[in-house]
Amino acid sequence: MQWETVIGLEIHAQLATRSKIFSGASTAYGAAPNTQACAIDLGMPGVLPVLNEQAVRMAVKFGMAIEAEIAPYSVFARKNYFYPDLPKGYQISQFELPIVGNGHLEILLDGEIMRIGVTRAHLEEDAGKSLHEDFHGLTGVDLNRAGTPLLEIVSEPDMRSAKQAVAYMKKLHALVRYLEICDGNMQEGSFRCDANVSVRPVGQQEFGTRTEIKNLNSFRFVEKAINYEVERQIDVLESGGVVVQETRLYDSARDETRSMRSKEESNDYRYFPDPDLLPVVIEDALKEEVKAELPELPDAKRERFKSQYGHDQETASVLTATREMADYFEVLVQKSGCDARLCSNWVMGELAGALNKNSLEISASPIDCERLAGLLQRIADNTISGKIAKQVFEEMWQGSATADAIIEAKGLRQITDSGAIEKIIDQVIADNPGQVEQYLGGKDKLFGFFVGQVMKATQGKANPAEVNKMLKEKLR
Amino acid sequence: MHNKSIAELRRGLHSGEYSSQELTRVFLDRMQRHQALNCYITVTEEQALEAAARADAQLAGGKAGALTGIPIAQKDIFCSKGVKTSCGSKMLDNFISPYDATVVEKFHDAGAVLLGKLNMDEFAMGSSNETSHYGPVRNPWDADAVPGGSSGGSAAAVAARLAPGATGTDTGGSIRQPAAFCGITGMKPTYGRVSRYGMIAFASSLDQGGPMARSAEDAALLLQVMAGFDAKDSTSVDRPLPDYTAGLNEDLRGLKIGLPREFFGAGLNSEVAARIEAAVDEYRKLGAEVRELSMPSLQLSVPVYYVIAPAECSANLSRYDGVRYGYRCAEPADLTDLYTRSRGEAFGSEVKRRILIGTYALSAGYYDAYYLKAQKVRRLISEEFQRAFAEVDVLMGPVTPTTAFGIGEKTADPIEMYLSDIYTIAVNLAGLPAMSIPAGFVGDKPVGLQIIGDYFTEAKLLNIAHRYQQVTDWHGRIPQGFE
Amino acid sequence: MSLTSEQVNKIAHLARLGIDASDVDAYARDLSGILDLVAQLDAQQTDQVLPMAHPLDQAQRLRADVVTEEDQRELFQALAPQVEEGLYLVPKVIE
């Protein structure tokens, strides 16, 4: 039987506020345990929540970016369950009336644009962390993270493959960073994903029974976990079994998903409106303010790159995938005054390669725009060849010298003096009479040999165009 | 000294007739002597004497605040930093609050001296003070009768002159009903008028703190300090605070009083009814116009309340889990055992009943039938009050169907206990201000008159209460043995 | 409406509330009584009525995004039954 996969994602993005969603405690990552858990975060008797304005603005910003309805009136609800990392015994979330309604996002996969629906996005508080290192057989609880604002972004079940799911997640990741509402740091858990996965026979209308996979904290894991789960469900169905609706945990070490029984016990969350909080009313004035603050969004930027720089779809997509990359590219074009094509080739080629090899983000690049512009200018004005430029780039990566300083110190300036080149060519011809004879006898392939010899004699510094031209004349 | 009003005590302190330390001593001694009433859970003697010494210095230096040197007592539901705040529960018997409630802070800033923390029904759930982990409080008018609840310790302490004034909280009548049973003056302000920050939550959309004192004038002085906007409470109302004593003597001629027929139905004890009617007559003499009106949905306030209050409480009390503070059971086998036993061993049966009913009302499949339905009827009740206030200025009626009942008399049947709050609950559902003032006696037990106003009419209610207290002396009566 | 002992046990578990086996019947009786009282609401027509969650018709106030709280771990953890290395300890959590 042919099976079709159906995937919906729930993404939790930690909002980049300074303080928590309902208290004035810091949200900074990495503090000593429980030093950033105030009386409110700890759920002390008598404390009350007050909503953080920035969290609301960020949610509105996100909603506008995905062209969603912003609820004029939204409500916080209590989601009740007992867990040690949940101090109040309920999580303040939104249930029936979320702040962001229906919106959508476009993903580009294999040259095709696909629209993925976003059902809703709602504000909620994060829980703390349980640490399972052994404290005499007990679990330690750190509540620093408790109360950090989250935007939970729920997609429609619109994705049909793990690859699409990853593309959607990447797009969302780029978007929240464009909007500067989330730092996107997946190692620190700032951007997390739960995947709802089901399969159904191709052609069937109704969805199959789904499972929810938790704990997906990298793009790679999302892809692997979904692929594993799809296989597992198909195996179950093909061997005559039924898929059980349940929560499953992805174990990256074993590359498998397994049932999380602990979550099954109490899924009667008894949502009801939180009486400590009043309805959130979003006035048009706030929406206008936020709209004015919206940066150019990835899709708009991609289209602009295509028309302004003559990029093809692929290049424009890669360059606009993150705001930092796009900014780097545009500053590079501006500072170097070079052709956009030369700039994009270098950003996507040497620079991206080196960053990738060293697992660095472009924002942490050892070579900033200014220095790279200096290098590209020397290519453009023929001071060095592209090949030598790569050598200079390596040097620049290691230290802080400018391209000019390296070219000068290492004497890498291209030889464009035709007299000097001519002398070298004459010498090469004189030293290789046999090859000259063969070449003149019709062995055209040997031309490359002569170019090589000349370049070798000049340590690559001769202008290759000049060398070609003169060699052709001399060997006629 | 202990029979003087707060206003009189202020004058005595300012004129140097006596010091705050002397005054505080008087009350500490009385508290000691009348321990049998069981009003206080914690006596903060040392801190009180220190605070009194500071107050005396301030008084001498001419830097006195509104209540500088006046001893007061807090219901043990208000968190007070460095002091045990038990909420009447075994769950918090070991809880030394790490912070001050806004109300506590305000009294502190006004210069008041904290005498101690007052007994109450566990987590404010009860109408008789019998659900307290610390045992029942006795009614100063009759040691075998309950003082009412949940602010039973507050009412009894004020009636017995063990504090000139106290705080209470009112979720379904918990200030007004004990005030009525103990013959004192209590006010539940408009929801949002007094900050709930640091006031341990029972039912968040109903809870409201308020003053309990011997007279309307004293209540006004206390409310002046307690009330006001608080940025830490999202449900606090940001609106100017009137001067609550300025209008106390305003003339009542032309005041329109409404008597809801439903408050005078079959359940009302006839002698209590007679006292209420007499009080209303007194208002006629003061120039008020009285008319009857009908508010049929008031009948539904008890069932609405017993969905909403338990639902909210079931979530509010989930934080007591034996992890970060409070009671933890011995040697929990696993996480579920930690939760179930800690909560099972430390909550009393009334608290458990309410958590259970609330959990049930919110659980899958029942939410619409119970919680949502109750919220809708709540609106009908609230709208009915608004229709009434389009016709009259205030509503009057009894606070309770009977005078204080006997200790143990209603503990066997929780429903009968719930029904004793029939006249007070609707006010909380609507969030309105209301008072209970002494209006006579049946036998030797006091009767309370309830006065209900529209939103933010606290000053008017105090004025209405004060004028009555100018022409009657019920509020000045002292229970035997506490003179 | 009457609740069975089984239902009471289920609710008690949902609320993580330990109840003595000998008290279950009494709770079932009391809770059923409360539900009977609440059943009075059924007769009230409420189709066109909006639920009322708060007494006052107000909107949520927003707080400026400013860090105002300092570390008070020592003070707070002095209240805790069991802590170690700054962590609250609980019986082992199994996921």
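Calculation rules
- Residues numbered from 1 in each chain as written.
- Chains lettered and ligands numbered in written order.
- Predicted model: local features only at pLDDT ≥ 70, side-chain atom pairs only at ≥ 80, totals over all residues.
- Heavy atoms only, no water.
- Helix = DSSP H or I, 4+ residues; strand = E, 2+ residues; numbered from the N terminus.
- Rg over C-alpha atoms; globule rule 2.2 N^0.38 Å.
- Contact = heavy atoms within 4.5 Å.
- Areas by Shrake-Rupley, 256 points an atom, 1.4 Å probe, with all protein chains shown as cover.
- Lys, Arg positive; Asp, Glu negative; His and termini not counted.
- Charge placed at Lys NZ, Arg CZ, Asp CG, Glu CD.
- Salt bridge = Lys/Arg side-chain N within 4 Å of Asp/Glu carboxyl O.
- Polar contact = N/O pair within 3.5 Å; in protein donor to acceptor, adjacent residues only side chain to side chain.
- Nonpolar A, V, L, I, M, F, W, Y, C, P; charged D, E, K, R; others polar.
- Core = buried A, V, L, I, M, F, W, Y, C linked by side-chain atoms within 4.5 Å.
- Buried < 20%, exposed > 50% of the residue type's maximum accessible area, 1.4 Å probe, protein only.
- Pairing = 2+ DSSP bridges.
- Axes fitted to C-alpha atoms, helices over the stretch in contact; angles between N-to-C directions.
- Buried area = accessible area lost by both parts, 1.4 Å probe.
- Patch = residues over 30% accessible without salt bridge, like charges linked within 9 Å, V, L, I, M, F, W, Y side chains within 5 Å.
- Domains from an automatic or database assignment.
- 1 Å grid on protein atoms, 1.4 Å probe; cavity = no way out; pocket = protein on both sides within 12 Å on 5 of 7 lines; lining within 4 Å.
- Points joined across faces, edges and corners; volume = space filled by probe spheres on them.
- Parallel < 35°, antiparallel > 145°, perpendicular 65-115°, else oblique.

Draft legend 1. Layout of the overall build of chain A. Helix and strand content of chain A: 16 helices and 16 strands. The C-alpha radius of gyration of chain A comes to 30 Å, more than 25% above the 23 Å expected for a compact globule of 476 residues. Viewed in the frame of its principal axes, chain A has a C-alpha envelope of about 95 × 55 × 55 Å. For chain A, the share of sequence-separated contacts (at least 6 apart) that also reach a separation of at least 24 residues comes to 68%. Here chain A has roughly 20,800 Å² of accessible surface; of this, 47% comes from carbon and sulfur atoms. Taken as two groups, the 54 positive and 71 negative side-chain charges of chain A have centres that lie 5 Å from each other.

Draft legend 2. Examining the interface of chain B and chain C more closely. Contact residues are listed per partner, giving 67 residues for chain B and 48 residues for chain C. At the boundary of chain B with chain C, the tally comes to one salt bridge. Across the pair Arg353 of chain B and Asp30 of chain C runs a salt bridge whose closest N-O atoms are separated by 2.9 Å. Linking chain B to chain C there are 15 residue pairs in polar contact (both at pLDDT 80 or more). Taken together, the elements giving at least two residues each to the side of chain B that touches chain C come down to helix H9 (301-316), helix H10 (335-346), helix H11 (349-362), helix H12 (368-391), helix H13 (414-419) and helix H14 (425-430) of chain B. Per-element accounting of the side of chain B that touches chain C gives the leading share, 11 residues, to H12 of chain B. Its residues assigned to classes, the side of chain B that touches chain C comprises 38 nonpolar, 17 polar and 12 charged.

Draft legend 3. Region of the structure containing the nonpolar core. Membership of the largest hydrophobic core comes to 261 residues, with the highest contact counts inside it found for Phe62 and Tyr168 of chain A together with Phe123, Tyr283 and Phe385 of chain B. With 10 residues, H9 of chain B is the largest single contributor of residues to this core. Once you skip the residues sitting within four places of it in the chain, Phe123 of chain B turns out to touch Cys87, Ser89, Met91, Leu92, Ile200, Phe202, Leu317, Tyr320, Phe347 and Val351 of chain B. Of all hydrophobic cores here, the second largest spans 39 residues; its members include Ala316, Leu319, Ala326 and Ile388 of chain A.

Draft legend 4. Main features of the sheet that holds strand S12 (residues 211-216) of chain A. All names here are of chain A. Strands sit in the order S6-S7-S10-S1-S11-S12-S13-S14 across an open sheet of eight strands; the sheet is mixed. Each edge of the open sheet carries a strand with a single partner, namely strand S6 (103-109) and strand S14 (256-259). The sheet shows a mean angle of 30° between the axes of neighbouring strands, direction not considered. Of the strands in this sheet, strand S1 (3-14), S6, strand S7 (112-125), strand S10 (149-155) and strand S11 (191-201) are in contact with helix H2 (residues 162-178), which crosses S6 at around 115°. Where helix H3 (residues 219-238) meets the sheet, it contacts S1, S11, S12, strand S13 (247-251) and S14, and its direction lies at approximately 25° from that of S11.

Draft legend 5. Region of interest: the interface of chain C and chain A. With 35 residues of chain C at the contact, the number on the chain A side is 55 residues. Of the roughly 4,000 Å² buried at the junction of chain C and chain A (both faces included), carbon and sulfur atoms supply 59%. Counting the contacts that link chain C with chain A gives 23 residue pairs in polar contact (both at pLDDT 80 or more). Mapped by element, the contributors of at least two residues to the side of chain C that touches chain A are helix H1 (5-14), strand S1 (62-63), helix H3 (73-77) and strand S3 (87-91) of chain C. For the side of chain C that touches chain A, the element with the most residues is S3 of chain C, which contributes five residues.

Draft legend 6. Structural detail: a nonpolar patch on the surface. Among the surface-exposed residues, Tyr73, Leu97 and Val281 of chain A lie close enough to one another that they form a single nonpolar patch of about 250 Å² accessible area. Summarising the element assignment, Leu97 of chain A is placed in the loop between strand S5 (90-94) and S6.

Draft legend 7. Here's a closer look at the sheet that holds S5 of chain A. Residue and element names in this part refer to chain A. Spatially, S5-S4-S15 is the arrangement adopted by the three strands of the open sheet, whose pairing is antiparallel. At either margin of the open sheet sits one strand with a lone partner, and together these are S5 and strand S15 (272-273). Strand direction decides the pairing type here: strand S4 (residues 76-80) and S5, joined by five bridges, are antiparallel. From the neighbouring strand, Asn80 faces S5, where its bridge partner is Tyr90.

Draft legend 8. Representation of the domain arrangement of chain B in the model. Residue and element names in this part refer to chain B. Annotation of chain B at the domain level lists domain 1 (6-254 + 393-476) and domain 2 (299-374). Taken over C-alpha atoms, the centre of domain 1 sits 27 Å from the centre of domain 2. At the interface, 28 residues of domain 1 touch 25 residues of domain 2. Summed over both partners, the interface of domain 1 with domain 2 buries about 2,400 Å², with 68% contributed by carbon and sulfur atoms. For the pair domain 1 and domain 2, the interface holds zero salt bridges.

Draft legend 9. Structural context of the layout of surface pockets. Residues and elements named next belong to chain A. The calculated volume of the second largest pocket comes to roughly 1,600 Å³. Forming the walls of the second largest pocket are 46 residues, and the residues nearest its centre are Lys170, His173, Phe219, Ala321 and Thr322. If you list the elements that add at least two residues to the lining of the second largest pocket, you get S6, H2, H3, helix H6 (298-309), helix H7 (313-319), helix H8 (323-336) and helix H9 (340-357). Per-element tally for the lining of the second largest pocket: the top contributor is H2, with eight residues. Along the lines of polarity and charge, the residues of the lining of the second largest pocket split into 18 nonpolar, 14 polar and 14 charged. Inspection of the lining of the second largest pocket shows a minimum of three residues originating in each of domain 1 (3-289) and domain 2 (296-410).

Draft legend 10. Looking closely at empty space enclosed by the protein. All names here are of chain A. Summed over the entire model, instances satisfying the criterion amount to four cavities of 30 Å³ or more. There is about 140 Å³ of room inside the largest cavity. Forming the walls of the largest cavity are 20 residues, and the residues nearest its centre are Ile40, Asp41, Lys88, Ile92 and Glu125.

Draft legend 11. Region of the structure containing the packing of helix H7 (residues 216-226) of chain B against helix H15 (residues 458-471) of chain B. Residues and elements named next belong to chain B. Close contact between H7 and H15 brings their axes to 8 Å; oriented N to C, the two are set at 155°. Classified by the angle between their axes, H7 and H15 sit roughly antiparallel to one another. Facing Ala216, Glu217, Ala219, Ala220 and Leu223 of H7, the residues of H15 in contact are Glu458, Leu462, Ala465, His466 and Gln469.

Draft legend 12. Here's a closer look at the environment of Arg30 of chain B. Residues and elements named next belong to chain B. Along the polypeptide, Arg30 turns up in helix H2 (residues 20-33). In this structure the C-alpha to C-alpha distance between Arg30 and Leu162, which are 132 residues apart in sequence, comes to 5.9 Å. If we ignore the near neighbours within four places in the chain, the residues touching Arg30 are His2, Ala160, Arg161, Leu162, Phe482 and Glu483. Polar contacts involving the side chain of Arg30 include one to the main-chain carbonyl oxygen of Ala160, which spans 2.9 Å.

Draft legend 13. Representation of the pattern of salt bridges. Inspection of every chain in the model, using the stated rule, returns 57 salt bridges over all chains. Residue Asp381 of chain A is joined to Arg378 of chain A by a salt bridge in which the shortest nitrogen-to-oxygen separation is 3.1 Å. According to the relative accessible area criterion, Asp381 of chain A is partly exposed, its value standing at 40%. Two residues, Lys84 of chain B and Asp93 of chain B, come together in a salt bridge whose shortest N-O distance is 2.9 Å. Owing to a relative accessible area of 19%, Lys84 of chain B belongs among the buried residues under this scheme. Judged by its relative accessible area of 33%, Asp93 of chain B is partly exposed.

Draft legend 14. The arrangement of unusual backbone geometry in detail. With omega at 5°, the peptide bond leading from Gly149 of chain B into Ser150 of chain B counts as cis. As for its position among the elements, Ser150 of chain B is in the loop between strand S3 (113-118) and helix H5 (152-159). Look at Asn34 of chain A: it is not a glycine, yet its phi comes out positive at around 60°. With respect to the secondary-structure elements, Asn34 of chain A resides in the loop between S1 and strand S2 (51-52).

Draft legend 15. Looking closely at the domain arrangement of chain A. What the domain assignment lists for chain A is domain 1 (3-289), domain 2 (296-410) and domain 3 (418-474). Taking only C-alpha atoms into account, the centre of domain 2 of chain A sits 33 Å from that of domain 3 of chain A.

Draft legend 16. Geometry of the side chain of Thr17 of chain A. Locating Thr17 of chain A in the fold gives a position in the loop between S1 and S2. Since its relative accessible area comes to 6%, Thr17 of chain A is described here as buried. Here the side chain of Thr17 of chain A touches Ser19 of chain A through a polar contact of 2.7 Å, landing on its backbone oxygen. Residue contacts for Thr17 of chain A: discarding those within four places in its chain leaves Thr27, Asn52, Gln54, Ala55, Met58 and Pro149 of chain A together with Asp65 of chain C.

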